[in-house]
Amino acid sequence: VFCAFFFFQAEDGIRDSPVTGVQTCALPICAVFTQPDRRVGRKKALTPSPVKQFALEQNLAVHAPENAGSKDTLELVRAMSPELILVCAYGQILIQEFLDIPDIGCFNLHFSFLPSLRGASPVQTAIASGLKTTGVSLQKIVLRLDSGPLAVCSGEIEILQDDTTPMLGSRLSEVGGNIIRQNLQNILEGNFNLTEQNESKATYCGIIKKGDGHVNWKEETAHEIERKLRAFYPWPGIYSFYKIKSKSDSRQRLQFTKAKIVEGNFECGKIYPDMTVGAHTDGLKILSLKPEGKKEMDADSFLRGNSEILGAVLE
């Protein structure tokens, strides 16, 4: 996932783009915009985005404004006179003043077949919803969320049974890169058609929040929970709470990192001897987990030191 946008600027001659790897028809990349450096990890070290690191390695100009719509940012972009801006997973809304700057326009790579799964989490939602296939769309950006006309769509990409968000996202990123390689020159030359989206078929997906990973064993089926585990990997993960009176009345958090579906009738939320937990339908055998404040471990290792959890009901 790029989490950035790239500016193409008119210049004499043709050269290979260091990002796309194709000839850019006299429009080399003149700048890369990405999110500001963020504090990451337990030590809260200030860390640049992967896009910034890569762009600097390629000797590209990099900018990381807190607000892409600020007066200073707009002035900076206008001064560059970009012909085309490509966007992918940038994480900020671009205002109309910004969209009007490039002559050809601003185009966005979105990881779904628009108008399905407009919004911030199309990869997670595709996995969690149990979709069999997905794809990549290149759309011209308008002010309404992911509603711009479509320039190109990929073929269908199969969602595998063991896909996590990083695994599927990586394949979609490669597909998106190929879309740019195969269509960039036509876009630069104006040799393309735009197709309006069918608003009657639009669906939406929101920003993933930490609380979305809390499992509801009474209402969610084992299949739904297993898909959510893969969709919410590595963040926010899926988790539940338990209490053991012999130790403490306070709740302890358990994050589940690997599991498989077990068919059968189980009490919702109850932990059985083989570390199977009952769901609304069927059960989920926990293979590995991460107790609160500890490292990830396999379920057998956890049970050897926490056998009293058997029979407890997860909340």
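Residues numbered from 1 in each chain as written. Predicted model: local features only at pLDDT ≥ 70, side-chain atom pairs only at ≥ 80, totals over all residues. Heavy atoms only, no water.

1. A look at the overall build of the protein
In step 1: In terms of helices and strands, the protein carries seven helices and 18 strands.
In step 2: The buried share of the protein, taken over its 315 residues, is 48%. (Helix = DSSP H or I, 4+ residues; strand = E, 2+ residues; numbered from the N terminus. Buried < 20%, exposed > 50% of the residue type's maximum accessible area, 1.4 Å probe, protein only.)

2. A few points about helix α2 (residues 71-80)
In step 1: Taken together, the buried positions of α2 are Thr73, Leu74, Val77 and Met80. Here the buried residues of α2 occupy an arc of 120 degrees about the axis, which is enough to place them on one side. Within α2, the exposed residues directed more than 90 degrees away from the buried face are Lys71, Asp72 and Ala79.
In step 2: Trailing α2 by a residue or two, Ser81 shows a phi angle of about 50 degrees, which is positive. (Arc of directions from axis to C-beta.)

3. Some thoughts on helix α6 (residues 222-231)
In step 1: Burial analysis of α6 places seven of its ten residues in the buried class, which makes it a mostly covered element.
In step 2: Every buried residue belonging to α6 is among Ala222, Ile225, Glu226, Lys228, Leu229, Arg230 and Ala231, and all of these are buried.

4. Focus: the pairing of strand β7 (residues 105-110)
In step 1: With six of six residues buried, β7 is to be regarded as a mostly interior element.
In step 2: Side chains Gly105, Phe107 and Leu109 project from β7 onto one buried face, and the interleaved Cys106, Asn108 and His110 project onto a second face that is buried too.
In step 3: Relative to strand β10 (residues 137-140), β7 is paired through four bridges, and the arrangement is antiparallel. Note on β10: the bridge partner recorded for Phe107 is Lys140. (Pairing = 2+ DSSP bridges.)

5. Topic: the pattern of salt bridges
In step 1: If you walk through the whole model with that rule in mind, you get nine salt bridges.
In step 2: Taking the shortest distance from any N to any O, the salt bridge between Lys228 and Glu220 comes out at 2.9 Å.
In step 3: Among the salt bridges present, the one from Glu315 reaches Arg251, with a minimum N-O distance of 3.2 Å. Of this pair, Glu315 sits in the segment after α7 (299-305) while Arg251 sits in strand β15 (residues 248-262), and the two are 64 residues apart along the sequence.
In step 4: Linked by salt bridges that have partners in common, Arg118, Arg144 and Glu199 make up one network. (Salt bridge = Lys/Arg side-chain N within 4 Å of Asp/Glu carboxyl O.)

6. A word on unusual backbone geometry
In step 1: In this structure, the amide linkage connecting Leu114 to the following residue, Pro115, adopts the cis form with an omega of 15 degrees.
In step 2: Here Trp235 and Pro236 are connected by a cis peptide whose omega angle stands at 0 degrees.
In step 3: Within the fold, Pro236 resides in the loop between α6 and β14 (238-244).
In step 4: The backbone of Lys44 sits at a positive phi, close to 55 degrees, despite the residue not being glycine.
In step 5: Examined against the element boundaries, Lys44 turns out to sit in the loop between β3 (38-40) and β4 (45-47).

7. Some remarks on the packing of aromatic side chains
In step 1: Following the criterion strictly, the structure yields four aromatic pairs and no others.
In step 2: A ring pair is formed by Phe107 and Phe192, whose centres lie 5.8 Å apart and whose planes are at 75 degrees; its orientation type is edge-to-face. Pair noted here: Phe107 is in strand β7 and Phe192 is in the loop between α5 (165-188) and β13 (204-205), with a separation of 85 residues, a long-range link.
In step 3: Residue Phe192 is classed as partly exposed on the basis of its relative accessible area of 26%.
In step 4: With centroids separated by 5.3 Å and ring planes inclined at 70 degrees, the aromatic side chains of Phe266 and Tyr272 adopt a geometry described as edge-to-face. (Phe/Tyr/Trp six-rings, centres within 6.5 Å; stacked < 30°, edge-to-face > 60°.)

8. A short note on the nonpolar core
In step 1: Ranked by internal contacts, the top residues of the largest apolar core, which has 53 residues, are Leu138, Trp217, Phe256 and Ile309.
In step 2: It is α5 that contributes the most residues to this core, eight residues altogether.
In step 3: In this structure, Leu74, Met80, Tyr90 and Ile101 belong to the second largest nonpolar core, which totals 15 residues. (Core = buried A, V, L, I, M, F, W, Y, C linked by side-chain atoms within 4.5 Å.)

9. Describing the confidence of the model for the protein
Parts of the model with low pLDDT should not have their predicted coordinates read in detail.
In step 1: When pLDDT is averaged across the protein, the result is 89; 90% of the residues are at 70 or more.
In step 2: Here residues 10-26 scores under 50 on pLDDT; set against residues more than four positions off or in separate chains, the count is 40 contacts. (pLDDT = per-residue confidence, 0-100. Contact = heavy atoms within 4.5 Å.)

10. Observations regarding the environment of Ser250
In step 1: Locating Ser250 in the fold gives a position in strand β15.
In step 2: Here Ser250 is in contact with Tyr242 and Lys243, once residues within four sequence places are set aside.

11. Digging into the side chain of Thr257
In step 1: Within the secondary structure, Thr257 sits in strand β15.
In step 2: Polar contacts involving the side chain of Thr257 include one to the side chain of Ser288, which spans 2.7 Å.
In step 3: In terms of polar contacts, Thr257 uses its side chain to reach the backbone amide nitrogen of Leu289, at 3.5 Å.
In step 4: Setting aside anything within four residues of it in sequence, one finds Thr257 in contact with Leu229, Ser288, Leu289 and Glu296. (Polar contact = N/O pair within 3.5 Å; in protein donor to acceptor, adjacent residues only side chain to side chain.)

12. Notes on the environment of Gly105
In step 1: If you trace the backbone, Gly105 turns up in strand β7.
In step 2: Take Gly105: its relative accessible area is 5%, and that puts it in the buried class.
In step 3: Separated by 21 residues in sequence, Gly105 and Leu84 place their C-alpha atoms 5.5 Å apart.
In step 4: Ignoring anything within four residues of it in the chain, the contact list for Gly105 reads Glu83, Leu84, Ile85 and Lys140.

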